Amino acid sequence: DQQVKQNSPSLSVQEGRISILNCDYTNSMFDYFLWYKKYPAEGPTFLISISSIKDKNEDGRFTVFLNKSAKHLSLHIVPSQPGDSAVYFCAASAIGSGTYKYIFGTGTRLKVLA
Amino acid sequence: NAGVMQNPRHLVRRRGQEARLRCSPMKGHSHVYWYRQLPEEGLKFMVYLQKENIIDESGMPKERFSAEFPKEGPSILRIQQVVRGDSAAYFCASSPSSSGRAITDTQYFGPGTRLTVL
């Protein structure tokens with residue numbers, strides 16, 4: 001039962017343009033969402049998070065949007081840079097329910113073309 | 001300020017041997033989580049520990065796997081009698097001591113241990 005889904009396994013974007021990565025979830029108890037970036041042979045690196053009481057959070061080039069009614073979140077990277085090429089994972093947690101584990105999607109491989 | 005440390009980075013074992021994976025959390029963090037990533041899949045939660053306590057082990061296989069986080073020293077994930085299906089990347093994460101606002105206690109990951117079972 002895949003509670004967090006990233007339906008696009010890969011995405012290619014031209015340098016300087018916007019990258020939009022999508023994530024859908026099924027569990028309405030999720031109240032905290034995160035995006036991680038992962039390079040090969042390294043651990044996931046935290047990028048940005050959002051609580052369910054918000055619908056947008058911005059940090060530099062990265063913005064996360066949350067649509068609770070659609071159970072959908074997205075990560076926007078503007079402008080995209082070649083160093084952004086990595087696998088991006090979204091994750092969700094039901095912290096309000098006392099559960100601290102993160103449920104991860106299967107990842108989207110982003111390639112930013114110079 | 002050192003991040004989450006894991007060792008070894010690579011571990012090769014033959015079927016039936018034991019594997020011990022170590023994780024030292026970030027300074028000031030007392031919550032440790034273990035995740036496993038199989039090839040071409042996302043990370044799957046295994047266990048959540050605080051010092052000397054297992055809080056949530058709902059993701060741990062019922063047999064051969066155990067975890068501990070002693071009062072002193074690193075957290076250990078132990079896999080007994082390894083099988084080929086145990087080959088994966090094992091990641092440890094840590095988060096700060098709970099401030100009562102757990103939603104801010106983001107998990108920070110180590111570089112992982114890649115286990116290969118021959």
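This report concerns the structure included in the present document. (Residues numbered from 1 in each chain as written. Chains lettered and ligands numbered in written order. Predicted model: local features only at pLDDT ≥ 70, side-chain atom pairs only at ≥ 80, totals over all residues. Heavy atoms only, no water.)

1. A closer look at the packing of aromatic side chains
Put simply, the test is: Here the aromatic set is Phe, Tyr and Trp, taking the six-membered ring for Trp, and pairing holds for ring centres within 6.5 Å; pairs whose planes are under 30 degrees apart are stacked, those over 60 apart are edge-to-face, and all others are tilted. Runs of E in the DSSP output that reach at least two residues are strands. Runs of H or I that reach at least four are helices, and both are numbered from the N terminus. Partly exposed describes any residue whose relative accessible area lies between the buried limit of under 20% and the exposed limit of over 50%, with all areas from a 1.4 Å probe on protein chains only and scaled to the type maximum.
Across all of its chains, the model carries 14 aromatic pairs over all chains by this definition. Ring centres of Tyr33(B) and Tyr48(B) lie 4.6 Å apart, and the angle between their planes is 10°; on these two criteria the pair is classed as stacked. Residue Tyr33(B) is located in strand β4 (residues 29–37), and its partner Tyr48(B) is located in strand β5 (residues 43–50); the two are separated by 15 residues in the primary sequence. A single burial state applies to Tyr33(B) and to Tyr48(B), both of which are buried. Through a chain of ring-to-ring contacts, three or more aromatic side chains come together here, namely Tyr36(A), Phe46(A), Phe89(A), Tyr102(A), Phe104(A), Tyr35(B), Phe45(B), Tyr108(B) and Phe109(B).

2. Focus: the state of the cysteines
Residues and elements named next belong to chain B. For clarity, the threshold we go by: Note on terminology: disulfide denotes any pair of cysteine sulfur atoms within 2.5 Å.
The tally for this structure, following the rule as stated, stands at two disulfides over all chains. The residue that forms a disulfide with cysteine 23 is cysteine 92, at a sulfur-sulfur distance of 1.7 Å. Note on the cysteine 23 and cysteine 92 pair: the S-S dihedral is about -50°, so by sign convention the disulfide is left-handed. Remark: cysteine 92 occurs in strand β9 (residues 88–96) and cysteine 23 occurs in strand β3 (residues 19–24); sequence separation between them is 69 residues.

3. Notes on the interface of chain B and chain A
Note on interface size: it is often stated as the accessible area lost on association of the parts. Filter applied, for reference: Contacts are assigned to residue pairs that have any heavy atoms within 4.5 Å of one another. Buried surface area refers to the total accessible area, computed with a probe of radius 1.4 Å, that the two partners give up upon joining, counted for both partners together. Whenever Lys or Arg places a side-chain nitrogen within 4 Å of a carboxyl oxygen from Asp or Glu, that contact is recorded as a salt bridge. Counting of polar contacts relies on pairs of N or O atoms within 3.5 Å, with two restrictions inside protein: one atom must be capable of donating a hydrogen and the other of accepting it, and residues adjacent in sequence are counted only when both atoms are side-chain atoms. Each residue is assigned to one of three groups, with Ala, Val, Leu, Ile, Met, Phe, Trp, Tyr, Cys and Pro labelled nonpolar, Asp, Glu, Lys and Arg labelled charged, and all others, Gly among them, labelled polar.
Taken together, the contact between chain B and chain A spans 23 residues of the former and 20 residues of the latter. Carbon and sulfur atoms supply 61% of the area buried between chain B and chain A, which totals about 1,700 Å² over both sides. The tally of links between chain B and chain A comes to zero salt bridges. For the interface between chain B and chain A, the tally reads six residue pairs in polar contact (both at pLDDT 80 or more). Residue assignment for the side of chain B that touches chain A shows that the elements contributing at least two residues are β4, β5 and β10 (108–109) of chain B. Per-element tally for the side of chain B that touches chain A: the top contributor is β5(B), with four residues. Its residues assigned to classes, the side of chain B that touches chain A comprises eleven nonpolar, six polar and six charged.

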